[in-house]
Amino acid sequence: MRLNPVFMLSATDVAHFPSESKTANAPEVAFLGRSNVGKSSLINSLLGAKLAHTSSTPGRTRSINFFALYEGTGSKQKAQPSLIFADLPGYGYAKISKSISSEWPQFIEPYLTERETLALAICLVDTNIPPQASDTQLITFFKQMQRPFLVVGTKADRLSNNVLSKSLAALRQAHEVDEILPISAKTDAGTKVLWQHLMEVMD
Ligand SMILES: Nc1nc2c(ncn2[C@@H]2O[C@H](COP(=O)(O)OP(=O)(O)OP(=O)(O)O)[C@@H](O)[C@H]2O)c(=O)[nH]1
Ligand SMILES: [Mg+2]
């Protein structure tokens, strides 16, 4: 199914989050991970459009950017979105070993704990670097909150199959998760499988 993406708004405060009148309570998917892991690039790759701003400099995304995804195009586009994407600012950028909550802007934690329509969190981890404590911390947070999450391994295109398999095994072990889906925003590898997970959220 093709979804038509439309940028909604950029939130720097809880008060700015899109309300029910805008989202029609459509399920929301949040993209989380360290700065530069490839959140905005993955969103663009999934949407087939360059809507989210990407940068080689960490810390590009400083607010939560919401995108509404509509079924149908032109006159056949539905009035209400079917899915919402939320592109979040990265963590682990300014200071190295601070806890996620102290590093992160004040509005991220309320977003994660209070956003009722949040249906799935995509936790991005970089397959090109060793397991990071800040990522374990985020994944533990979702386990404890019993909120649905999915871990994806980014920038898989940079590694040979052999090195990628080893990296994924190390990441699964460190973060104590059964599955990490390898993806590449560059080659679109893995994005079809990821869309299958997103479709389940929409049902
Ligand atoms: N080779 C390769 N490079 C990638 C991939 N995804 C992202 N990048 C590169 O990684 C850098 C960061 O990408 P972004 O998508 O801006 O990362 P982000 O997680 O949104 O970063 P912040 O907004 O700073 O938190 C850019 O230079 C991208 O081109 C990928 O799948 N493969
Ligand atoms: Mg970004």
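Per an unreviewed UniProt entry, the protein chain goes by Probable GTP-binding protein EngB and derives from Edaphobacter acidisoli. Entered under Function (unreviewed entry) in the UniProt record, the comment concerning the protein chain runs "Necessary for normal cell division and for the maintenance of normal septation." The UniProt entry for the protein chain carries the following comment under Sequence similarities (unreviewed entry): "Belongs to the TRAFAC class TrmE-Era-EngA-EngB-Septin-like GTPase superfamily. EngB GTPase family."

An account of the overall build of the protein chain is requested, with residue identities and associated values reported.
Check the secondary structure of the protein chain and you find seven helices and seven strands. In sequence order, the protein chain lays out its α and β elements as β-α-β-α-β-β-α-α-β-α-β-α-β-α. On C-alpha atoms alone, the protein chain measures out to a radius of gyration of 16 Å, which is about the 17 Å that the 2.2 N^0.38 rule sets for 203 residues. Judged by the C-alpha coordinates and their principal axes, the protein chain covers about 50 × 35 × 30 Å. Buried positions account for 49% of the 203 residues belonging to the protein chain. Once local pairs closer than 6 in sequence are excluded, the contacts in the protein chain between residues at least 24 apart make up 74%.

Tell me what's going on with the environment of Ala68, and back it up with residues and numbers.
Secondary-structure assignment places Ala68 in strand β3 (residues 64–71). In sequence terms Ala68 and Ile84 are 16 residues apart; their C-alpha atoms lie 4.7 Å from each other. Filtering out sequence-adjacent residues up to four positions away, Ala68 remains in contact with Asn4, Pro5, Val6, Met8, Pro81, Leu83 and Ile84.

Report on unusual backbone geometry, specifying residues and quantitative values.
Residues other than glycine seldom take positive phi values, yet Gln146 does so here, at roughly 55°. Mapping Gln146 onto the fold places it in the loop between α5 (133–145) and β6 (149–154). Judged by relative accessible area, Gln146 falls into the exposed class, the value being 72%. Non-glycine residue Glu176 carries a positive phi angle of around 50°.

I'd like a description of the pattern of salt bridges, backed by residues and values.
Taken as a whole and judged by the stated rule, the model has two salt bridges. With its nearest N and O atoms 2.9 Å apart, the salt bridge here joins Glu28 to Arg115. One end of the pair, Glu28, is in strand β2 (residues 28–33); the other, Arg115, is in the loop between α4 (108–114) and β5 (118–126), and 87 residues separate them in sequence.

I'd like a description of the environment of Pro27, backed by residues and values.
Within the secondary structure, Pro27 sits in the loop between α1 (20–23) and β2. For the pair formed by Pro27 and Asp203, sequence separation is 176 residues and the distance between their alpha carbons is 9.5 Å.

I'd love a proper account of the environment of Asn128, names of residues and values included.
Relative to the helices and strands, Asn128 resides in the loop between β5 and α5. Residue classification places Asn128 among the partly exposed positions, given a relative accessible area of 29%. Considering only alpha carbons, one finds Asn128 and Leu88, 40 residues apart in sequence, at a separation of 21 Å. When near neighbours in sequence (up to four residues on either side) are disregarded, Asn128 contacts Thr154, Lys155, Arg158 and Leu159. Within polar-contact distance, the side chain of Asn128 engages the side chain of Thr127 at 3.1 Å.

Can you explain the pairing of β3? Please cite residues and give values.
Among the eight residues in β3, eight count as buried, and that is most of the element. Side-chain alternation along β3 places Ile64, Phe66, Ala68 and Tyr70 on one buried face and Asn65, Phe67, Leu69 and Glu71 on a second face that is also buried. One ladder, built from eight bridges, connects strand β1 (residues 3–11) with β3; its direction is antiparallel. Counted as the bridge partner of Ser10 is Asn65 from β3. One ladder, built from five bridges, connects β3 with strand β4 (residues 83–87); its direction is antiparallel. What sits directly across from Phe67, in β4, is Phe85.

Cut-offs and rules
- Residues numbered from 1 in each chain as written.
- Chains lettered and ligands numbered in written order.
- Predicted model: local features only at pLDDT ≥ 70, side-chain atom pairs only at ≥ 80, totals over all residues.
- Heavy atoms only, no water.
- UniProt positions renumbered as here; feature names shortened; annotations may be inferred.
- Helix = DSSP H or I, 4+ residues; strand = E, 2+ residues; numbered from the N terminus.
- Rg over C-alpha atoms; globule rule 2.2 N^0.38 Å.
- Buried < 20%, exposed > 50% of the residue type's maximum accessible area, 1.4 Å probe, protein only.
- Contact = heavy atoms within 4.5 Å.
- Salt bridge = Lys/Arg side-chain N within 4 Å of Asp/Glu carboxyl O.
- Polar contact = N/O pair within 3.5 Å; in protein donor to acceptor, adjacent residues only side chain to side chain.
- Pairing = 2+ DSSP bridges.

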